Amino acid sequence: MSANGRLFVLDLSAGRVMSANTDGTDLKTLVSEGRHLPDGVVVDVEAGHIYWTNMGNPSHNDGTIMRADLDGGNVKTIVPEGGTFTPKQLQFDGKNGKLYWCDREGMRVMRASLDGSNLETLVDTSKGDSRPGTDATRWCVGIALDTQRGHIYWTQKGPDNAGKGQIFRAGMDMPKGQTPSTRKDIELLYDALPEPIDLDLDLNNRIMYWTDRGDPPRGNTVNRAPMDVKRGVRKTPEVVFNHLMEGIGLALDLKNNRMFMTDLGGSVYSASLDGSNKKNVLFAQGNLSGIAYAEIPAEAKGQNHG
C-alpha cells in the first residue's frame, strides 16, 4: 500500500490544526477551534488519530489535550481542563498506548493513556512552588521518548534567552519508593543553553535534536548533540540550522534523512539532518508551534480502526 508523507502543523494564533504535503502543497485546515493556543501535535497513524495540546491561559489551570480523526472530524477532549496547566510538546508511545507531554507552568512531565485516563506526573520540578510557576528555569517544555531503553528526555527552557536552558533524562517509569519530586534517576545532560524548546531523537545514532528560540548565534536554531554524555566531557552542541524566527516545532523523518521545523514567524522549513538542503516550504501561516511528520496510507480517510 502506498503512503503519503504529510506534515501536521499547529497555528497558535488562530487555534488551527493544519496538514500539508512535505513540500507545502495541499495545505488544509483540519480543525479550527479558536484561541486555545495549540502547541504540541502527534499522529497515531494506525488508529487514524491526531492528538494535540492546548496551552490555554498560562495563568489558569485550563490546558487540554484533544483528539481528532486524520481528516479533522470527531474532535474530542482527552484531558479536560484542570488536568494539566500548560501542556506543551506532546509525544505518542504506540507500544504502550500512552501520551507524554511537558506541562510548562505546571512544572511537570506528565503522561496518560490514550483516552486520557491514568493521568500521572512523572517529574515535578516545582521544588514546592505553587502552580502556575513563575520561575522559568523550572518550566518543562520539550519532550522526547526512547521507548527502547525506557527513557524520557525533556527541556527546561529558562527565562528568555538567559543561557539557563537545560536538557534532562530520566526513566519512563517511577523508581520504586520515589516520587515525581524526589526521584533520583534524573540526569542533567546539557545546560547553559539559550532557550531550548522542542526535542526529537535519532535513536539509531543516539543523537538528540532540538529547537532553540533564544537570540543568535546559538539561538533561533536547530541543534544536535549526543544523547549519551559523561559528566565533564560534554561537547558544545552543533548548530545545524539557523535564522529561525523564534523556532518552536521539530519533527525528524529519519527514513528520509530530513527534518521539519516551525517558527512563530509563520514558516515551515525542511532540511537534511546535517542542515543542508534547506527549504522554506510554508510561510506567513500565523504563529506556528508544534509539527509532526507521518506517513499516511493512501486509503486512510480518518476512520477509527479501534
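This structure is a prediction, so every number in the text was calculated from the model and none was measured.

> I tried to follow the pattern of salt bridges on my own but got confused; where do I start?
Taken as a whole, this structure holds 24 salt bridges when the rule is applied. Ionic pairing is found between R108 and D103, a salt bridge with its closest N-O pair at 2.7 Å. You can call R108 buried: its relative accessible area is 13%. Judged by relative accessible area, which is 0%, D103 ranks as buried. Residue R169 is joined to E187 by a salt bridge in which the shortest nitrogen-to-oxygen separation is 2.9 Å. Separated by 18 residues along the polypeptide, R169 in strand β14 (residues 165-171) and E187 in strand β15 (residues 187-193) bring together distant segments of the chain. In the salt-bridge network here, residues are joined through shared partners; they are D146, R169, E187, R206 and D228.

> I would appreciate a short explanation of the packing of aromatic side chains in the present structure.
Centre-to-centre distance and the angle between the planes together describe a pair of aromatic rings. Within the structure shown, the criterion is met by 4 aromatic pairs. Their ring planes at 35° and their centres at 5.9 Å tell us that Y190 and W210 sit as a pair that is tilted. One end of the pair, Y190, is in strand β15; the other, W210, is in strand β17 (residues 207-212), with 20 residues separating them in the sequence. For the pair Y190 and W210, a shared accessibility class is recorded, and that class is buried.

> Looking at this structure, how should I read unusual backbone geometry?
Negative phi values dominate among residues other than glycine, just as trans dominates among peptide bonds. Between R131 and the following residue, P132, the backbone shows a cis peptide bond with an omega angle of 0°. Along the chain, the position of P132 falls in the loop between β11 (120-124) and β12 (140-146). Omega for the peptide link from P216 to P217 comes to 5°, which places this bond in the cis form. Within the secondary structure, P217 is located in the loop between β17 and β18 (221-226).

> Quick question: what am I supposed to make of the layout of surface pockets here?
Which parts of space are left empty comes out when a probe the size of a water molecule is rolled across the atoms. Considered as a void within the structure, the largest pocket measures approximately 1200 Å³ in volume. Lining the largest pocket we find 43 residues, and of these V43, Q91, F92, D200 and Y293 sit closest to its centre. A per-element tally of the lining of the largest pocket places strand β24 (residues 288-297) first, with 6 residues.

> How should the sheet that holds strand β6 (residues 63-69) be read in this particular structure?
In sheet architecture, strand pairing relies on hydrogen bonds along the backbone and comes in two forms, parallel and antiparallel. As summarised here, the arrangement of the 4 strands in space is β4-β5-β6-β7, forming an open sheet in which the pairing is antiparallel. Here the strands that pair on one side only, and so sit at the sheet edges, are β4 (38-44) and β7 (76-84). Between one strand and the next, the sheet's axes are offset by a mean angle of 15°, whatever the strand orientation. Bridge analysis of β4 against strand β5 (residues 49-54) gives 5 bridges, and the strand direction is antiparallel. Among the inter-strand pairings, V41 is bridged to a residue of β5, identified as W52.

> Honestly, the pairing of strand β20 (residues 247-253) in this entry has me stumped. Any pointers?
Along any regular strand, the residues point their side chains to alternate faces of the sheet. Across the 7 residues that make up β20, a large majority, 7, are buried. Both β20 and strand β21 (residues 258-263) contribute to a ladder of 5 bridges, which runs antiparallel. Residue pairing for β21: D253 is matched across the bridge by R258. Connecting β20 to the next strand, β21, in antiparallel fashion are 4 residues, including N257 with a positive phi near 55°.

> When you look at the sheet that holds strand β13 (residues 151-156) in this model, what are you seeing that I'm missing?
The 4 strands are arranged β12-β13-β14-β15 in an open sheet whose pairing can be described as antiparallel. Looking at the sheet topology across the chains shown, the edges are occupied by β12 and β15. Each adjacent strand pair in this sheet contributes to an overall mean axis angle of 15°, direction not counted.

> Where do I start with the state of the cysteines in this structure?
Each disulfide consists of one covalent bond between the sulfur atoms belonging to two cysteines. Within the structure shown, the criterion is met by 0 disulfides. Of the cysteine sulfurs around C102, a residue in no disulfide, the closest is that of C140, at 5.0 Å.

> Could you clarify how one ought to interpret empty space enclosed by the protein in this entry?
The full count for this structure, using the stated rule, is 1 cavity of 30 Å³ or more. If you add up the space inside the largest cavity, you get close to 30 Å³. Taken together, K88, R104, V141, K157, I197 and R213 make up the lining of the largest cavity. Classifying every residue of the lining of the largest cavity gives 2 nonpolar, no polar and 4 charged.

> Even after reading the chapter, I still don't get the nonpolar core, so can you show me in this structure?
Ranked by internal contacts, the top residues of the largest apolar core, which has 15 residues, are F8, V41, V43, I50 and W52. Every element with two or more residues in this core is listed here: β1 (3-11), β3 (28-32), β4, β5, β6 and β24. When residues in this core are grouped by element, the largest group, 3 residues, is from β24. In this structure F8 touches M18, S19, L30, V41, V43, I50, L70, G290, I291, A292, A294 and I296, once residues within four positions along its chain are discounted. Counting 14 residues, the second largest nonpolar core, distinct from the first, contains L189, L201, M208 and M227.

Rules used throughout
- Per-chain numbering applies: the sequence of each chain, read as written, is numbered from 1 onward.
- At least 70 in pLDDT is required for a residue's local features to be given in this predicted model, at least 80 for side-chain atom pairs to be given and counted, and no such filter applies to totals for whole chains, interfaces and linings, which use all residues.
- Computation of side-chain values covers all heavy atoms of the structure but excludes hydrogens and water.
- A pair is scored as a salt bridge if a Lys or Arg side-chain nitrogen falls within 4 Å of a carboxyl oxygen belonging to Asp or Glu.
- Burial status follows relative accessibility: with a 1.4 Å probe on protein chains alone, a residue under 20% of its type maximum counts as buried, one over 50% as exposed, and anything between as partly exposed.
- Here a strand is any run of E in DSSP of at least two residues, a helix any run of H or I of at least four, and the numbering for each starts at the N terminus.
- The pairing test for Phe, Tyr and Trp rings, Trp by its six-membered ring, is centres within 6.5 Å, and the orientation test on the planes gives stacked under 30 degrees, edge-to-face over 60, and tilted for anything in between.
- A cavity here means a set of 1 Å grid points, computed over protein atoms only, where a 1.4 Å probe fits but cannot escape. A pocket is an open set with protein on both sides within 12 Å along at least 5 of 7 lines, and lining residues have an atom within 4 Å of a point.
- Grid points are joined across faces, edges and corners, and a volume is the space filled by probe spheres set on the points.
- Between any two strands, at least two bridges found by DSSP are needed for them to pair.
- Axis definition: a line fit to C-alpha positions, over the contact stretch in the case of helices; interaxial angles, taken between N-to-C directions, run 0 to 180 degrees.
- Only a pair of cysteine sulfur atoms within 2.5 Å qualifies as a disulfide here.
- Gly counts as polar in this scheme, as do all residues outside two lists: the nonpolar Ala, Val, Leu, Ile, Met, Phe, Trp, Tyr, Cys and Pro, and the charged Asp, Glu, Lys and Arg.
- Residues belong to one nonpolar core when they are buried, are Ala, Val, Leu, Ile, Met, Phe, Trp, Tyr or Cys, and are joined through side-chain atoms within 4.5 Å.
- Any two residues whose heavy atoms approach within 4.5 Å at even a single point are treated as in contact.

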